[in-house]
Amino acid sequence: MSWLSSSQGVVLTAYHPSGKDQAVGDSHAKGGEEATSSRRYGQYTMNQESTTTRVMEKPPFDRSISQDSLDELSMEDYWIELENIKKSSENRQEDQEVVVVKEPDEGELEEEWLKEAGLSNLFGESAGDPQESMVFLSTLTRTQAAAVQKRVETVSQTLRKKNKQYQIPDVRDIFAQQRESKETAPDDTESQSLRTNENKYQGRDDQTSNLVGEEKLIPPEETPAPETDINLEVSFAEQALNQKESSKEKIQKSKGDDATLPSFRLPKDKTGTTRIGDLAPQDMKKVCHLALIELTALYDVLGIELKQQKAVKIKTRDSGLFCIPLTVLLEQDQRKVLGTRIPLIFQKLISRIEEGGLETEGLLRIPGAAIRIKNLCQELEAKFYEGTFNWESVKQHDAASLLKLFIRELPQPLLSVEYLKAFQAVQNLPTKKQQLQALNLLVILLPDANRDTLKALLEFLQRVIDNKEKNKMTVMNVAMVMAPNLFMCHALGLKSSEQREFVMAAGTANTMHLLIKYQKLLWTIPKFIVNQVRKQNTENHKKDKRAMKKLLKKMAYDREKYEKQDKSTNDADVPQGVIRVQAPHLSKVSMAIQLTEELKASDVLARFLSQESGVAQTLKKGEVFLYEIGGNIGERCLDDDTYMKDLYQLNPNAEWVIKSKPL
C-alpha cells in the first residue's frame, strides 16, 4: 500500500498477490509521458503529476555550497541497492488496484491528533466537562500545552464553521485553570528546575548543529568523537526553545565542522533507566500520549511541519508470508508459537543469514539472483508453515535479499503509515541531538508489532557491523544499503528534482545510521515523560481519594479510621529506612532490606537468589526482575543500576516485588 499525491486527492495503491513475484523497485517516469502517480509493488513511493525522476542513477546535478559535505562515492551503496531493487522488481510485478482517498477536511488531522493524544473529550460529540482532562493538561510543559492549544483552536474553528450543535469548549477555558495554578505557585520551580537541569548539558552538543536543509553525510568512522550524555530529564521541546536563539551563532560557527561531531550516550540516572517494555500497559498508554504531544511540540518549536498520514484499511491477504500485515502475520504465528512477538519468517531469515557466518564479505550488499529469489518466495509460501521447506537450499545472500524483500513488501511500511513522514522529516531538524530526540519519540509511538520487529532488525544489523573487519560492512555501508528498504517513500508528497532526491537519499541514510548506532538510547523512555506519568498518577490518586472520602462520609463510616489505615498501609511493620521486598515465586518469599546510599536493584536480587535451593536455584540473573509497583506508578521493571534509596524517596508508597517479565 502507498499514498500517492495528486491534485484530486491521495491515491492509495493496493495489491492482490497471487503467488507471483512482485515489483519492488521505483517506477520510472519516462520522458514525462506518465501524468498520473504510479508505484511498483512493495514500495511506498509518491510521485507528483508530470514529475520525471531517475532514482536508479546518481543525479548529475551541479554541486552547490549546501552539497559540499555530500560525497557521491560514499553514496554508491545506496544507488546500487536501488538498482538491485529495480532488477528484483522486473520479476515480481503484480496487477494493482488503485483506491482514491480524499484529502482530509480542514481540522480533520488535528481532530485525529487530539484523539491519538488522549484528548478526544475536549471536542465533538464526546465533549464533556473539561475538568476530565485537567489532570492531564496540568502535567504538560509550556511547549506541550502550546501544541495542544494550537490543535484545539483549529478543531474549534472548524466545528464552528460547520455549525455543529454539540458543545465546543473555548480553548481559553480549557487552559485557564492550568495557567492559574502556575501563576499562584510560590516560586517558579518548573522553570528553575528546567534551567538547572539544562545547564548540566548546555554547550556539549552545540557543535553538532548544521543548517536546516543542509545534509551532512555520516562522518568517517575512524574520526575520534567525544562522548556526551543526552539530556533525558528536561522536555526536548523546552530544550529546543531555550537554545533556539542562543544556538544561532554557534550553528553558523560550526558549519561544516564534521570532525567534532560528538557521540551521544545514555546518562546515568540514580532512579533507574526506564526502557520500552518496563512499564505496565496503562502507564505505557500515557507515555504514548505524551510522546505524541512532545514530538509535535518539538517540531512546532523548530518550525518543521508534522502531519500524520491516516492509515486506511485495505483488502489484504489473510494468510501467507509476504505482503501480509504484521498484525495478521503475528496472529497466525502465535497459533504456532505462543507469545511470538516477531514474525517467524523474519526470525528464520535472520537465523539463516547468521548460520552462514557474519564474516561474509559484502553481506546485505550483494544481492541474490532475482529469478532464484522469485522461486524461493513461492516455495516458502507453500511449505514454510508445513515445515517441509529445505533451508539448506537458501544461500546466505539469498536469505539477505529475502529479508529486505519481506520489509519492502509489507502492506504498510515497517515505520508505519502514520509516522513515515515524521521519520523522513527527522533529517530536517537542525542538530544531531534533536534528530535523536525525535527518533526516540517516534520509536515510542510505533505500534508494538512494528517496534518489536524494527528492534530485532536493528540488533541484527549491529551484529553484522560488529564483524566489519571481515565482512567490510561498516555502519555507514549498512545504513546505505538498508535505507532504501525502510524509506522507499523518500520523495513523499514532493515534486522531486534530481538534486532533492540526492539530498533525501543522504538524509534517510543518516537517519538509518542513527537508528542503528543509538538503538539502546532510542528504546529508552525519557525521564521527563516518566515523571509526567508519575505526576498524572499522583493527581488521579488524590482525585480518587477525595471521591472516596465523600462516599465514606455519605455512608457514615469513620473517616478518621479510614485515613489512619490508608496512611499506614505501606508502613506496617517496616521500620524507617527499610523496605520489604516480596518474592512470591521464590523460596524466600519476603525480606526486609535496609536502604543504604549504595544499595542497587541488582544487590536486592542477588540477596534473594543466593538463598535459593532446589529447582529455584537454577534461576539466573536476567530471568527475574525487581519491580516498583503502585504509589505514583502502575508497575515498572527496574534496571540493575537503580539506586533503591533514591527511588524510594521518589516513590515512598510503592511496593517492591521480584518476578519474571510477562510474555
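Residues numbered from 1 in each chain as written. Predicted model: local features only at pLDDT ≥ 70, side-chain atom pairs only at ≥ 80, totals over all residues. Heavy atoms only, no water.

(A) Layout of the pairing of strand β9 (residues 633-637). In terms of burial, β9 is largely enclosed, as four of its five residues are buried. Where strand β8 (residues 625-630) and β9 come together, four bridges link them in antiparallel fashion. Across the sheet, the residue bridging to G630 is I633, located in β9. Counted between consecutive antiparallel strands, the loop separating β8 from β9 contains two residues, among which G631 sits at a positive phi close to 75 degrees. (Buried < 20%, exposed > 50% of the residue type's maximum accessible area, 1.4 Å probe, protein only. Helix = DSSP H or I, 4+ residues; strand = E, 2+ residues; numbered from the N terminus. Pairing = 2+ DSSP bridges.)

(B) The nonpolar core, seen in detail. The biggest cluster of nonpolar side chains holds 129 residues, and the ones touching the most others in it are Y299, L364, L461 and M512. For this core, the element with the most residues is helix α9 (residues 281-301), which contributes eleven residues. Those residues in contact with Y299 that sit more than four places away from it in its chain are I304, E305, L306, A422, A425, V426, L429, A438 and L442. Counting 20 residues, the second largest nonpolar core, distinct from the first, contains A601, L605, V624 and A654. (Core = buried A, V, L, I, M, F, W, Y, C linked by side-chain atoms within 4.5 Å. Contact = heavy atoms within 4.5 Å.)

(C) Structural view of the environment of F236. Residue placement: F236 occurs in helix α7 (residues 236-244). The spacing of F236 and L295 is 59 residues in sequence and 8.3 Å in space, taken between C-alpha atoms. Leaving out residues up to four positions away in the same chain, F236 has contacts with N231, E294, L298, Q437, N440, L441, P526 and F528.

(D) Just the sheet that holds strand β7 (residues 590-594), in detail. Read across the sheet, five strands follow the order β7-β6-β10-β8-β9 without closing on themselves; strand pairing throughout is mixed. Edge positions in the sheet fall to β7 and β9, since each of these pairs with one other strand and no more. Neighbour-to-neighbour, the strand axes of this sheet turn through a mean angle of 25 degrees, independent of strand direction. Packing of helix α23 (residues 601-609) onto the sheet brings it into contact with β6 (578-582), β7, β8 and β10 (655-659), and relative to β7 it is tilted by some 140 degrees. (Axes fitted to C-alpha atoms, helices over the stretch in contact; angles between N-to-C directions.)

(E) Focus on the environment of L599. Positionally, L599 belongs in the loop between β7 and α23. Judged by its relative accessible area of 3%, L599 is buried. For the pair L599 and T642, spaced 43 residues apart in the sequence, the C-alpha separation amounts to 8.4 Å.

(F) Layout of the pattern of salt bridges. Applying the stated criterion across every chain, the model contains 20 salt bridges. One salt bridge connects E628 with R534, and the closest N-O pair in it is separated by 2.8 Å. With E628 in strand β8 and R534 in helix α21 (residues 527-554), the pair connects residues that are 94 residues apart, well separated along the chain. In this structure R534 comes out as buried when scored by relative accessible area, which is 5%. (Salt bridge = Lys/Arg side-chain N within 4 Å of Asp/Glu carboxyl O.)

(G) A look at empty space enclosed by the protein. Within the structure shown, the criterion is met by nine cavities of 30 Å³ or more. Considered as a void within the structure, the largest cavity measures approximately 120 Å³ in volume. Lining the largest cavity are 14 residues, with L232, P267, D269, T273 and K527 sitting closest to its centre. For the lining of the largest cavity, the per-class residue count stands at six nonpolar, four polar and four charged. (1 Å grid on protein atoms, 1.4 Å probe; cavity = no way out; pocket = protein on both sides within 12 Å on 5 of 7 lines; lining within 4 Å. Points joined across faces, edges and corners; volume = space filled by probe spheres on them. Nonpolar A, V, L, I, M, F, W, Y, C, P; charged D, E, K, R; others polar.)

(H) Spotlight on the state of the cysteines. Counted by the stated rule, this structure contains zero disulfides. Left unpaired, C323 is separated from the closest cysteine sulfur, that of C377, by 8.3 Å. Assessed through its relative accessible area of 5%, C323 is described here as buried. (Disulfide = S-S within 2.5 Å.)

(I) Focus on the side chain of D278. In this structure, D278 sits in the loop between β5 (263-265) and α9. Here the side chain of D278 touches K661 through a polar contact of 3.1 Å, side chain to side chain. Not counting the four nearest positions on each side in its chain, D278 is found in contact with T273, E635, R636, C637 and K661. (Polar contact = N/O pair within 3.5 Å; in protein donor to acceptor, adjacent residues only side chain to side chain.)

(J) Quick look at the confidence of the model for the protein chain. Put simply, the protein chain has an average pLDDT of 74, and 62% of its residues get 70 or more. Per-element mean pLDDT across the protein chain ranges from 36 in strand β1 (residues 2-5) up to 96 in helix α16 (residues 448-465). Here residues 203-220 is a poorly scored stretch, pLDDT under 50, and it has 65 contacts once near neighbours within four places are set aside; other chains count. Contacts for the low-pLDDT stretch residues 251-260, under 50 throughout, to residues beyond four places or in other chains number 21 contacts. (pLDDT = per-residue confidence, 0-100.)

(K) Broad picture of the pairing of β6. As paired strands, β6 and β7 are joined by five bridges and run antiparallel to one another. From the neighbouring strand, R580 faces β7, where its bridge partner is A592. Pairing of β6 with β10, which is carried by two bridges, proceeds in the parallel orientation. Paired with Q582 across the two strands is V657, which belongs to β10.

(L) The arrangement of helix α11 (residues 344-355) in detail. When the terminal C-alpha atoms of α11 are compared, their 16 Å separation across twelve residues agrees well with the 16 Å that a helix rising 1.5 Å per residue should span. Inspection of α11 places L344, I345, F346, L349, I350, R352 and I353 among the buried residues, and these make up the whole buried set. Where α11 is buried, its residues meet α10 (326-334), α12 (370-383), α13 (396-408) and α16. Backbone geometry just after α11 places G357 at a positive phi near 90 degrees. (Expected span 1.5 Å × (residues − 1).)

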